[in-house]
Amino acid sequence: MSLVLRPRVDDRRWTATRSSAPVFVLLSGWRVDADGTAYASLRCAGTRGGTAEVTALAKAPDVAGAAGVAFTLEVTVVPYGREG
């Protein structure tokens, strides 16, 4: 699954994404294009079920300090049923 973040209209820029439970939702392939659009790939565990919160961080480039959470995405992973 891919996460696409459109360019922000305020003075903030996308800086990173984080997963609260990387064992269930692993983020990879993070990049920010020159136009401000950001991309991340989400890989979910297929054999275990659980939940994770994916947060996207943003901050103004000329302001010191840590980036703040811009939004949170709640992801629930449901394993495929097994035959047997």
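Provided above is the structure to which this section pertains.
Here the structure is a predicted model, which is why all the values come from computation and not from measurement.

Reading the values: the criteria
Residues numbered from 1 in each chain as written. Predicted model: local features only at pLDDT ≥ 70, side-chain atom pairs only at ≥ 80, totals over all residues. Heavy atoms only, no water. Phe/Tyr/Trp six-rings, centres within 6.5 Å; stacked < 30°, edge-to-face > 60°. Helix = DSSP H or I, 4+ residues; strand = E, 2+ residues; numbered from the N terminus. Buried < 20%, exposed > 50% of the residue type's maximum accessible area, 1.4 Å probe, protein only. Lys NZ or Arg CZ within 6 Å of the ring centre and 35° of its normal. Pairing = 2+ DSSP bridges. Axes fitted to C-alpha atoms, helices over the stretch in contact; angles between N-to-C directions.

## A word on the packing of aromatic side chains
Here's step 1: Enumeration over the complete set of coordinates arrives at one aromatic pair.
Here's step 2: Residues Trp14 and Phe71 carry aromatic rings whose centres are separated by 6.2 Å and whose planes lie at 90° to one another, so their mutual orientation is edge-to-face. Here Phe71 lies in strand β6 (residues 68-77) and Trp14 lies in strand β2 (residues 13-19), a separation of 57 residues in the sequence.
Here's step 3: The class of Phe71 is partly exposed, set by a relative accessible area of 28%.
Here's step 4: Over the face of the ring belonging to Trp14 we find Arg8, whose NZ or CZ atom lies 5.0 Å from the ring centre.

## Here's the deal with the sheet that holds β2
Here's step 1: Strand order in the open sheet formed by three strands is β2-β5-β6, with antiparallel pairing between adjacent strands. The open sheet has two free edges, formed respectively by β2 and β6, since each of these has just one partner strand. In this sheet, neighbouring strand axes are inclined to one another by 20° on average, regardless of whether the strands run parallel or antiparallel.
Here's step 2: Where β2 lies against strand β5 (residues 50-59), six bridges are found, and the strand directions are antiparallel. Looking at the pairing, Arg18 lines up with Thr55 of β5.

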